[in-house]
Amino acid sequence: MDSVRSAFPAKFAHPRSMPTRFLPAIHTTASSYKNPFPNRPLPQSYSLPWMPSTYYKTAAIKPTLAPLAKSSQGISAGEKLPSLSTSTTVFTRYTPEDWYKSNGTNCRESEASQKNAERLRADTSRLIDDKYRQTKKTQVESTRNLGVRANDIAFWKSELRHELDEVIGETNALTDVKTRLERALAESEAPLQVAQECLLHREKRMGIDLVRDNVEEQLLTEVDVIRSCREKMQQFLDKAKAQILSNRAAQHKLEKDLANKQVAHRIDDRCHHLMNTSHGISYYRGVEQVDATISVPESWAKFTNDNILRSQSQRAASAKLRGDIENLLPVTASEMRRQFNTVNVAFTKRIAEMADAKRKTQTHLAKTLQEIFRMERNIEAIQKAIRDQGPPLKVAQTRLDERTRRPNMELCRDTAQLRLVNEVRDIGETVQTLQQQLRDSEDALQMLVRAKAVLQHDLAVKANSLFIDQEKCMGMRKTFPSTARLLAPI
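Residues numbered from 1 in each chain as written. Predicted model: local features only at pLDDT ≥ 70, side-chain atom pairs only at ≥ 80, totals over all residues. Heavy atoms only, no water.

Enquirer: Describe the overall build of the chain, and please don't skip the residues or the numbers.
Expert: On a plain count of helices and strands, the chain comes out with 13 helices and zero strands. Each helix and strand of the chain, placed in order from N terminus to C terminus, yields the pattern α-α-α-α-α-α-α-α-α-α-α-α-α. A buried classification covers 25% of the 490 residues belonging to the chain. Partitioning the contacts of the chain with sequence separation of at least 6, the portion at a separation of at least 24 is 85%. Put simply, the chain shows about 34,400 Å² of open surface, and 55% of that area lies on carbon and sulfur atoms. (Helix = DSSP H or I, 4+ residues; strand = E, 2+ residues; numbered from the N terminus. Buried < 20%, exposed > 50% of the residue type's maximum accessible area, 1.4 Å probe, protein only. Contact = heavy atoms within 4.5 Å. Areas by Shrake-Rupley, 256 points an atom, 1.4 Å probe, with all protein chains shown as cover.)

Next comes the structure, spelled out in structure tokens:
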């Protein structure tokens, strides 16, 4: 094998200046290492690399004797590769004894694996039966405990529901005025949200339309007015709540405890009725390691009992501050209504301004689009004119090419030859002129396209602003809570 490798040196024996991307044919590669290249000029159209590593894609394959023998049929005895001995072509790794020993080892290992598998199957069968009985017993005990727990929750649910009805009946007689104030406060929340949402929507305006105009100033004023009125109502509401704070706190605790009991009873009742064939059962890996409990049965029962005792001790309250509340409600309603109308007037004026600006932008965009269409037609005409110069150029160049084949003295630079040369030159200049005109037209078209993009962007900005003010903002501001809703008794 060393003699084979030595026949392919890493460098050429006779380097010679030549085109950097030329490689001789495969059948001449062997002789090129021994003799210099022929002295005939090489065609310039060859673009192949001259390095063998980039030309022969199969260089990584090890050469064999058969291809070398076939390729040496046309080479003289002095140029052939040295022969290889027969002993070098035989590659053995194992002896027959190794082969028999390997087969025996595999059979013994297989028999041992089979015996182990039989013992494991017998142990597994016994283990499955034991664990099934254990699991069944554990499941029965868990089901019984869940049933007891569900009954306990149902008892406390009935007690909580009864006490909740009692405290609500006691509290309703004292909370008429306070409820009217709460209703007015709740009704004033909608205008505040509308004003704030209008400000948020107007923050989504784009580009130059994101201005702090009169509409935004009036919206900010409206937010301040509504907040001021709500603060006054909240102050009087806090004073009214002070008289029945204990009852409300007790009622809230009862309602929350009852809601928790209902959820817990529903969950435990469902768990109590779950079976192995029930729908909705699934794996929850690691859930047994999560301890989310916060009470024990004793503290759980004491918590509910304390809520009931607190409610029973807080069933009385008095009603005060009625006069101040009655005077406050009409004043706040009038202030909010007046500012609401002011904001709507500002919106109407701004929408009219944006609609006029949008119409002007649309007019300029239409003119730009028309000019773009005309320029595209002009470019198509220039391109057609360039294509039309192709056949005459082909004819002239073909004629010149054919006349180069005239023999000997017939290669005369006659008038026809000169005219054909001039014709090719004239057509080339015409094509260059048309191409320059095409580039100018394309530049003009690009400017028109950029102008169109600017106008379209501006139009989109105007349309977005108009949609925000006219559809989103004014769509929300069509109605305002009436004075009757703010002042009327329940």
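Enquirer: Can you lay out the pattern of salt bridges for me, pointing to particular residues and giving the numbers?
Expert: Inspection of the entire model under this criterion finds 23 salt bridges. For Glu353, the salt bridge is made with Arg350, and the minimal N-O distance between the two is 3.2 Å. Pair noted here: Glu353 and Arg350 are both in helix 10 (residues 322-388), with a separation of three residues, about one helical turn. For Glu353, a relative accessible area of 47% corresponds to the partly exposed category. (Salt bridge = Lys/Arg side-chain N within 4 Å of Asp/Glu carboxyl O.)

Enquirer: Residues and numbers for the state of the cysteines, please.
Expert: Per the counting criterion, the structure on display carries zero disulfides. In this model Cys473 remains outside any disulfide bridge; the closest cysteine sulfur is found in Cys198, 3.8 Å from its own. (Disulfide = S-S within 2.5 Å.)

Enquirer: Tell me about helix 8 (residues 245-273), and please be specific about residues and values.
Expert: An ideal rise of 1.5 Å per residue puts 42 Å on 29 residues; helix 8 measures up with 42 Å between its terminal C-alpha atoms. When helix 8 is considered as a whole, its buried residues turn out to be Asn247, Ala250, Gln251, Leu254, Asp257, Leu258, Lys261, His265 and Asp268. (Expected span 1.5 Å × (residues − 1).)

Enquirer: Which residues make up the packing of aromatic side chains, and what values do they have?
Expert: This structure, assessed with the given rule, holds two aromatic pairs. Relative to Tyr100, the ring of Trp99 lies with its centre 4.8 Å away and its plane at 75°, an arrangement referred to as edge-to-face. As far as burial versus exposure is concerned, Trp99 and Tyr100 are alike and both exposed. Their ring planes at 70° and their centres at 5.3 Å tell us that Phe155 and Trp156 sit as a pair that is edge-to-face. Among the residues examined, Phe155 registers a relative accessible area of 46% and is labelled partly exposed. With a relative accessible area of 16%, Trp156 lands in the buried category. Directly above the aromatic system of Trp300 lies the positively charged group of Arg149, at a separation of 3.8 Å from the ring centroid. A cation over an aromatic ring shows up here: Arg285 above the ring of Tyr283, its NZ or CZ 5.8 Å from the ring centre. (Phe/Tyr/Trp six-rings, centres within 6.5 Å; stacked < 30°, edge-to-face > 60°. Lys NZ or Arg CZ within 6 Å of the ring centre and 35° of its normal.)

Enquirer: Summarise the packing of helix 6 (residues 176-202) against helix 12 (residues 415-476); cite the residues concerned and give the values.
Expert: The interhelical angle for the contact between helix 6 and helix 12, taken along N-to-C directions, is 165°, at an axis separation of 9 Å. What the angle tells us is that helix 6 and helix 12 run roughly antiparallel. Crossing geometry of helix 6 relative to helix 12 is assigned as right-handed. Here helix 6 contributes Val194, Glu197, Cys198, His201 and Arg202 to the contact with helix 12, which in turn contributes Ile468, Asp469, Lys472, Cys473 and Met476. Of the residues assigned to the contact of helix 6 with helix 12, the class counts are five nonpolar, one polar and four charged. (Axes fitted to C-alpha atoms, helices over the stretch in contact; angles between N-to-C directions. Parallel < 35°, antiparallel > 145°, perpendicular 65-115°, else oblique. Left-handed = near helix turned anticlockwise from the far one by under 90°. Nonpolar A, V, L, I, M, F, W, Y, C, P; charged D, E, K, R; others polar.)

Enquirer: Quick rundown of the nonpolar core? Include the residues and the values.
Expert: Counting residues in hydrophobic clusters, the biggest one holds 22 residues, and the most contacted among them are Cys198, Val215, Leu219, Val223, Met336, Phe347 and Cys473. When residues of this core are traced back to their parent elements, those giving at least two are helix 6, helix 7 (214-243), helix 10 and helix 12. Broken down by element, the residue count for this core peaks at seven residues, all from helix 10. Other than its neighbours up to four places away in sequence, Cys473 contacts Cys198, His201, Arg202, Phe347 and Ile468. (Core = buried A, V, L, I, M, F, W, Y, C linked by side-chain atoms within 4.5 Å.)

Enquirer: Give a description of helix 11 (residues 390-403) that names residues and reports values.
Expert: Compared with the 20 Å implied by 1.5 Å per residue over 14 residues, the 20 Å span of helix 11 between its first and last C-alpha is a close match. Taken residue by residue, helix 11 has Ala396, Leu400 and Arg403 as its buried positions. Along the axis of helix 11, the buried positions cluster into a sector of 70°, meaning they face one direction only. Looking at the buried side of helix 11, the elements it contacts are helix 12. (Arc of directions from axis to C-beta.)

Enquirer: Could you give an account of the side chain of Thr304, with specific residues and numbers?
Expert: Along the polypeptide, Thr304 turns up in helix 9 (residues 297-312). Apart from the residues lying within four places of it in its own chain, the contact partners of Thr304 are Trp156, Leu160, Asp257 and Lys261.

Enquirer: Quick rundown of the packing of helix 5 (residues 96-172) against helix 8? Include the residues and the values.
Expert: For the pair helix 5 and helix 8, interaxial distance at closest approach is 8 Å and the crossing angle is 155°. It follows that helix 5 is roughly antiparallel to helix 8 by the angle criterion. Crossing hand, helix 5 versus helix 8: left-handed.

Enquirer: Any chance you could break down the environment of Asn151 for me, citing the residues and the numbers?
Expert: Here Asn151 lies in helix 5. Given a relative accessible area of 54%, Asn151 falls into the exposed group. Taking the C-alpha atoms as reference points, Asn151 and His265, 114 residues apart in sequence, are found 8.5 Å from one another.

Enquirer: Go over the environment of Gly147, please, and point to the residues and values.
Expert: When you line up the elements, Gly147 lands in helix 5. Each C-alpha atom of the pair Gly147 and Cys271 lies 9.0 Å from the other, and the pair is 124 residues apart in sequence.

Enquirer: An account of the confidence of the model for the chain is requested, with residue identities and associated values reported.
Expert: Model confidence for the chain is summarised by a mean pLDDT of 78, while 78% of its residues fall at 70 or above. Low pLDDT, under 50, characterises residues 1-89; the predicted model gives this stretch 63 contacts beyond four residues in sequence or across chains. (pLDDT = per-residue confidence, 0-100.)

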